[in-house]
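# Breakdown of the fold
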Amino acid sequence: MKHNAESKTVDGAKPGYSPVCGRAPVRNHATNTKGKLWIQNSGCKSRSGQPEHVVLRKGILRDEDEQIPHEKINSEQVQTRGEGCSIEGKEAMDGPLNVRRVLWSNLLINRLHMFLNAIAISAVFYYRATTLLRIIQTRETPLVPYVLVIIAEIVLTFLWVLHQAYRWRPVKRSVYPERLPEDEKLPPVDVFICTADPSKEPSLGVMNTVISAMSLDYPPDKLSVYLQDDGGSHVTLHAVREAWKFARFWVPFCRKYELKARCPEAYFSGGESAHEKFLGSSEFAADKKTVEKRYDEFQEAIEKNSVNAKGSVSRDHPPTVEVMTDENISDLKEMPLLVYVSREKRPGHPHHFKGGALNVLLRVSAVISNAPYFLVLDCDMYCDDPSSARQAMCFYLDPKISPEIAWVQFPQKFRDMSEHDIYDGRLNPIWREGQGLDGLRGPTIYGCNFFMTREAIYGLDRTQKDIDINQLKKSLGASNEFIKSINRSYNPQLPEDRKPSDALKKELQLLASCTYDNDTQWGEEASILPLDLRIQHLPLQRVSDPMFIVFAFIFISSLLKHVQEVFSYGDSFRTALYEMRVWMMKSGACYFFAILNAILDRLGLLQANFSLTNKVVDDEQVRRHQLGIYDFQASPLILTPLCSLYVLNLAAFTIGIPKIFQKGDELLAQALLSFFGIIINYHLLDGMVLRSDSGRISLFVTMVSVALSATVLSCGYLLLLY
Ligand SMILES: O=c1ccn([C@@H]2O[C@H](COP(=O)(O)OP(=O)(O)O[C@H]3O[C@H](CO)[C@@H](O)[C@H](O)[C@H]3O)[C@@H](O)[C@H]2O)c(=O)[nH]1
Ligand SMILES: [Mn+2]
């Protein structure tokens, strides 16, 4: 790499240059207004393969920063001790590194709601049981639909009970990174990023993720970034080399001007440009111009190279590990380590998707940098808060809680959300759940954006002296170097010039091979939308019946509880509406298939699979998103159950209208419920019937949904006969 001629600072701007700023597409790149990473989805984690063997201690969910005045903190003397460092004295006296607060008002409201709802639900079940007994005797209404309604209620109640755990004891956490010990005493951190296919995950976005991680506000000699390329693509390797070249300018620029946004794409597409103390300076203006130019060149190089992305992915390739380096060694110290890893892939060898990729990264990084903590990022995420590593250390360096903590989960937010966040990209419901779990035994891992300890993964005490090597080989595989690295005091073998010796290269080949964990322990372990069968002859509840009040109470209090939760996080009524809508869409589409998947899996009819989400967006999609218009260009399979439910509901409602006039009292409640569903999900009707743009619901899906709901309706009629 020949750019040692260029100074590492960013002087030498050419006047008159007009920068091409990074576009701001609707990429999954996660961000949150307050600057934290956050989760995308939970639940389907194990699909990605191996990490089931990762049995862990408690986790922690990092909360939004809340500056609690210092006096309010219970400022006991804190002595911090991290893996590999011991800090006592002055800096630790300033107060705790982190504080956990119980959200008392939410807790009280939650428990009161739980209590009242539980009484109402008990009343409903008492009523159902007595009515069912009566129906069995008198046959006044058809039995089967009534039993189906009861089953639906049991399922919903079960789900409700499960969800109350999140509300039992919500907590909030605050961290004080300014109280961390000086940089020399901070432990190293490895960052693991996975990518798989440059044609679906455009290199520019992936490299932005890599660069944002390299620019974390952390001592550069203690930060190592690894990109694992499952595609073994020369396009990705080339992009990493380009990213390294650009980062040589970008990282010092970020540090010098204390940038908040350190993902170049996010930086150039808006936001604040530097710490305010630099804003007027001409030096800053000049440096910014130069770095913009470099980014432009970088972008061009990547785009030119990406033309060949499609055919560049291979499923049959040897392992490659390349550590980015430079001739100028003194400069190198200022740069975090950047390593390209592409594990071996061979046809017929199960590779366990992202889980398998992370396992390889754990092994490879163990002999290169061996940091006690690692951060996992998806290639479509970026670190939007440079202090996140320090924030995580506020937990790991707190001796009172660190032995208990396996991971610190950061939130994940989507960047460039439309004004009203129609897709619920802030994922607040999951975030609220996380805070609830944190108040119990700790949140789950959400797949990425978490810091974890190596120790938790290895499942053994890394300070132990008398480890039985043969036993370790059985569990961790044949690499001597890797086994030595288990000990915390192990010195990784990478020389200062970052050029691995032949011996290390050989070891890396072994560790990244696809057969490495064969026969090892390491290798081995590794809401339903209420199904509204609203058949018009089955009265859900007579309005004049006193029980109606109980049903209405449950319905309304649940809605109000949701709105209260949304308000308590400072959001608006509209947010509540969109959250509900997205919940319903997920229920009808994703959860439906998740359940199907789980059943097929159990029956052994399904092979674990993972289809990579496509991160390429077109301008039309961006435009729709900015306008707050739903994009239904998803796979027809995903949309069909959702649309079928909608059509079914709409048909039942329409057919039922005349009957409401005849038997108002009997049918009013269910007509209102039906109507509620129709209104909340109006965007589906719009997508099926009214819209004509390319993001509408395809005619094919609409037709299939009509056919399906007609079938269900006919079956409903048949059911009524029994
Ligand atoms: O064989 C594979 C497949 C995927 N990936 C990477 O895994 C990550 C997640 O894949 P993506 O297609 O973006 O999946 P999503 O559905 O967006 O990801 C969610 O679901 C994943 C699987 O449950 C979790 O790992 C993620 O953290 C979570 O954000 C990406 O960086 C991929 O490059 C690989 O490295 N190898
Ligand atoms: Mn993703």
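Just so it is clear, the structure is predicted and the values come from calculations on it, not from any experiment.

## Brief notes about the overall build of the protein chain
In terms of regular secondary structure, the protein chain is built from 22 helices and 12 strands. A buried classification covers 52% of the 722 residues belonging to the protein chain. When the accessible surface of the protein chain is totalled, it reaches about 32900 Å², and 60% of it is carbon and sulfur.

## A closer look at the UniProt feature "transmembrane region" (unreviewed entry) in the protein chain
Mapped onto this numbering, the UniProt entry gives "transmembrane region" (unreviewed entry) at residues 108-127, 143-162, 637-661, 667-685 and 697-720. Within residues 108-127, the helical portion is 100% and the strand portion 0%, while the C-alpha atoms at the span's ends are 29 Å from each other. Counted over residues 143-162, helix gives 100% and strand 0%. Its end C-alpha atoms are 29 Å apart.

## Digging into the nonpolar core
If you look at the biggest cluster of nonpolar residues, it comprises 105 residues, and the most contacted ones within it are M207, W250, V364 and I368. At 12 residues, the largest contribution of residues to this core is made by helix α4 (residues 234-256). Dropping the residues within four chain positions of it, I368 is found in contact with Y226, V321, V323, L337, V339, P492, L494 and L508. I422, Y578, Y630 and F653 belong to the second largest nonpolar core, which has 20 residues in total.

## Some points on unusual backbone geometry
Look at E258: it is not a glycine, yet its phi comes out positive at around 50 degrees. Note on E258: relative accessible area 34%, which makes it partly exposed. One non-glycine residue with positive phi stands out, namely D424, at about 55 degrees. Within the secondary structure, D424 sits in the loop between β11 (405-409) and α10 (428-438).

## Brief notes about the site of ligand 1
Of all residues adjacent to ligand 1, which total 22 residues, the nearest are C194, D230, K354, T613 and K615. One of the side-chain nitrogen or oxygen atoms of K354 is found 2.8 Å away from an oxygen atom of ligand 1. In the complex, 94% of the free accessible area of ligand 1, which totals 680 Å², lies under the protein chains. The set of elements that each furnish at least two residues to the shell around ligand 1 consists of β6 (189-195) and α8 (353-368). Looking at the shell around ligand 1 residue by residue, the class counts come to nine nonpolar, six polar and seven charged.

## Some details on the pattern of salt bridges
Under the defined criterion, the tally for this structure stands at 37 salt bridges. For E140, the salt bridge goes to R134, with nearest N and O atoms at 2.9 Å. Looking at E140, the relative accessible area reads 46%, which means it is partly exposed. The partly exposed category is assigned to R134, whose relative accessible area is 40%.

## Overview of helix α12 (residues 469-476)
Where α12 is concerned, the buried positions are L472, S475 and L476. What you see down the axis of α12 is that its buried residues fit within an arc of 80 degrees, all on one side. Seen from the open side of α12, the exposed residues pointing more than 90 degrees away from its buried face are N470 and K474.

## Some thoughts on the confidence of the model for the protein chain
Taken over all residues, the pLDDT of the protein chain has a mean of 81, while the share at 70 or more is 82%. Scored below 50 in pLDDT, residues 1-57 shows 191 contacts in the model against residues more than four places distant or in partner chains. Contacts of residues 526-539 to residues separated by more than four positions or lying in other chains number 49 contacts, the stretch itself having pLDDT below 50.

## A look at the packing of aromatic side chains
Applying the stated criterion across every chain, the model contains 25 aromatic pairs. With a centroid separation of 6.1 Å and 10 degrees between ring planes, the pair formed by F253 and F284 is classed as stacked. Linking F253 in helix α4 with F284 in helix α6 (residues 282-306), this pair joins segments that are 31 residues apart in sequence. On the accessibility criterion, F284 (3% relative accessible area) is buried. Aromatic rings pair up to connect F246, W250, F253, Y257, Y267, F268, F278, F284, Y295 and F298 into one cluster. When the ring centre of W168 is taken as origin, the NZ or CZ atom of R111, which lies over that ring, is 3.8 Å away. If you follow R432 out to its NZ or CZ, it ends over the ring of Y569, 5.8 Å from the centre.

## What to know about a nonpolar patch on the surface
Together, L112, F115, L116, I119 and F553 make up a nonpolar patch on the protein surface, roughly 480 Å² of accessible area in all. The greatest single-element share of the nonpolar patch, amounting to four residues, is contributed by helix α1 (residues 104-138). Mapped onto the elements, L116 comes out in helix α1.

## Considerations on the packing of α4 against α6
Between α4 and α6, the shortest axis-to-axis distance is 10 Å and the interhelical angle comes to 170 degrees. Taken together, the axis directions place α4 and α6 in an arrangement best described as roughly antiparallel. Residues V235, H238, A239, E242, A243, F246, F249, W250, F253 and K256 of α4 form the contact with α6, whose own contacting residues are E283, F284, D287, K288, V291, R294, Y295, F298, A301, I302, N305 and S306. When grouped by side-chain class, the residues that make up the contact of α4 with α6 number 13 nonpolar, three polar and six charged.

## A look at the pairing of β6
Counting buried residues along β6, seven of its seven residues qualify, which places the element largely inside the surrounding structure. Where burial is concerned, the two faces of β6 agree: the one with V189, V191, I193 and T195 and the one with D190, F192 and C194 are both buried. Read from β6 through helix α3 (residues 203-214) to strand β7 (residues 223-229), the crossover connection turns out right-handed. Pairing geometry for β6 and strand β10 (residues 373-378), over six bridges, is parallel.

## Observations regarding helix α19 (residues 636-662)
Within an α-helix, residues lying three or four positions from one another point in the same direction, as the helix has 3.6 residues per turn. Across its 27 residues, α19 extends 39 Å between first and last C-alpha, which sits within 8% of the 39 Å expected from 1.5 Å per residue. Along its length, α19 shows its largest kink, about 45 degrees, at G656, and proline P658 lies within four residues downstream of that point.

## Some details on the pairing of β7
Of all seven residues that make up β7, seven are buried, and the element is covered over most of its length. Sheet topology places β7 next to strand β9 (residues 337-342); five bridges connect them, and they run parallel. The residue bridging V225 from the neighbouring strand is L338, located in β9.

## Points about the side chain of T236
Mapped onto the secondary structure, T236 falls in helix α4. Beyond its immediate sequence surroundings of up to four residues, T236 is in contact with T195, P198, M207, L227, D229 and Y340.

## Observations concerning the environment of T520
For T520, the position within the fold is in the loop between α14 (502-511) and α15 (521-524). With relative accessibility at 5%, the residue T520 sits in the buried group. For the pair T520 and K473, spaced 47 residues apart in sequence, the C-alpha separation works out to 7.8 Å. Sequence-distant contacts of T520, defined by excluding residues within four places in its chain, comprise K473, K474, S475, L476 and G477.

Each value, and the rule that gives it
Residues numbered from 1 in each chain as written. Chains lettered and ligands numbered in written order. Predicted model: local features only at pLDDT ≥ 70, side-chain atom pairs only at ≥ 80, totals over all residues. Heavy atoms only, no water. Helix = DSSP H or I, 4+ residues; strand = E, 2+ residues; numbered from the N terminus. Buried < 20%, exposed > 50% of the residue type's maximum accessible area, 1.4 Å probe, protein only. Areas by Shrake-Rupley, 256 points an atom, 1.4 Å probe, with all protein chains shown as cover. UniProt positions renumbered as here; feature names shortened; annotations may be inferred. Core = buried A, V, L, I, M, F, W, Y, C linked by side-chain atoms within 4.5 Å. Contact = heavy atoms within 4.5 Å. Near = heavy atom within 4 Å. Polar contact = N/O pair within 3.5 Å; in protein donor to acceptor, adjacent residues only side chain to side chain. Nonpolar A, V, L, I, M, F, W, Y, C, P; charged D, E, K, R; others polar. Salt bridge = Lys/Arg side-chain N within 4 Å of Asp/Glu carboxyl O. Arc of directions from axis to C-beta. pLDDT = per-residue confidence, 0-100. Phe/Tyr/Trp six-rings, centres within 6.5 Å; stacked < 30°, edge-to-face > 60°. Lys NZ or Arg CZ within 6 Å of the ring centre and 35° of its normal. Patch = residues over 30% accessible without salt bridge, like charges linked within 9 Å, V, L, I, M, F, W, Y side chains within 5 Å. Axes fitted to C-alpha atoms, helices over the stretch in contact; angles between N-to-C directions. Parallel < 35°, antiparallel > 145°, perpendicular 65-115°, else oblique. Right-handed = clockwise from strand over helix to strand, strands pointing away. Pairing = 2+ DSSP bridges. Expected span 1.5 Å × (residues − 1). Bend = angle between axes of the 7 residues up to and from the residue.

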